[in-house]
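Architecture and fold: a report
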Amino acid sequence: MLVHSRAGKWATWAVFLLLFVPLFAVPLLVILAASLATHWSGAFPSGPTVERYAAATSGDSLQALTTSLVTAVTASVLALTLGGWAALAAASLRTRGKRFLDALFILPVAVPSVVVGLAVLVAYSKPPVLLNGTRWIVILAHTVLVTAFAYQSVAAAVRRLDPMYEQAAAGLGASPARVLWRVRLPLLLPSLTSAAGLCFALSMGELSATMMLYPPDWTPLPVQIFAATDRGSLFTGAALAVVLMTTTLLVLAAVSRIRTRASYR
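Note that the structure is a prediction, hence the values are computed from the model and not measured. (Residues numbered from 1 in each chain as written. Predicted model: local features only at pLDDT ≥ 70, side-chain atom pairs only at ≥ 80, totals over all residues. Heavy atoms only, no water.)

**Observations concerning the overall build of the chain**
When helices and strands are counted, the chain shows 11 helices and 2 strands. When the helices and strands of the chain are placed in sequence order, the string is α-β-β-α-α-α-α-α-α-α-α-α-α. Principal-axis analysis of the C-alpha atoms places the extent of the chain at approximately 70 × 65 × 30 Å. Put simply, the chain shows about 15,800 Å² of open surface, and 69% of that area lies on carbon and sulfur atoms. (Helix = DSSP H or I, 4+ residues; strand = E, 2+ residues; numbered from the N terminus. Areas by Shrake-Rupley, 256 points an atom, 1.4 Å probe, with all protein chains shown as cover.)

**Things to note about the pattern of salt bridges**
All told, the structure shown has 1 salt bridge when counted by the stated rule. Of the charged contacts in the structure, one is a salt bridge between arginine 184 and glutamate 166, with a shortest N-O distance of 3.4 Å. Separated by 18 residues along the polypeptide, arginine 184 in helix H8 (residues 176–205) and glutamate 166 in helix H7 (residues 163–171) bring together distant segments of the chain. Given the relative accessible area of 18%, arginine 184 is considered buried. (Salt bridge = Lys/Arg side-chain N within 4 Å of Asp/Glu carboxyl O. Buried < 20%, exposed > 50% of the residue type's maximum accessible area, 1.4 Å probe, protein only.)

**Structural notes on helix H1 (residues 6–35)**
Taking 1.5 Å as the rise per residue, H1 with 30 residues should run 44 Å; its terminal C-alpha atoms sit 40 Å apart, in good agreement. Maximal helix bending in H1 amounts to about 50°, located at valine 21; proline proline 22 follows within four positions. Regarding H1, the residues found buried are Gly8, Ala25, Ala34 and Ser35. (Expected span 1.5 Å × (residues − 1). Bend = angle between axes of the 7 residues up to and from the residue.)

And the structure:
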């Protein structure tokens, strides 16, 4: 910590707890408590039960979770491929070219996600590319929304790379493709895994654009959570939210473990 005195450290921790607990911890704890309750009496939920978790991990809810996972993984892979490749290409461009790519990839996150959903809906509802009513329009919208984060993460890592390693490999006779696959990408692996985790988490929680695009047979879990709470089924929505949060955290923990191993290679 930058604070060296004991009083300053205690004050810093106190401010942190005062901000963290009411803004982050309490809402999540309330959701967890609501998912385990049958009714709400007074200030706290009551009537502990786990029945809603049985419903939240079976039937339509399990299908919605699977849909969210498939959508998030596919969108993350596509975003990492497109954003990572664009970041590598931008490193060899002049300043104007880099600025153009930066603006191009930042545009989807500079506007509300519902605008991106509407744009995708209008663009792909007629031939020659007709995606409306299919799962692919949802995956496409998620890819558009998260690619910017993959591009920015990889671009920042590319700028920090020491060119000495690539120059040494090229000086020893390695082809540009071999330098890319054996030197550059391994050095970027920690940043690539971080970008993948960020894209996955953002896709798992995306709702605004998804609400405009999802077909009946491809309903992600955030949409089901919204539908449950909109009907007044607060406790069911809370259980679904806990399932979504837990699944996302488990995947992010696995990605973090991969990133840690990649950092020590």
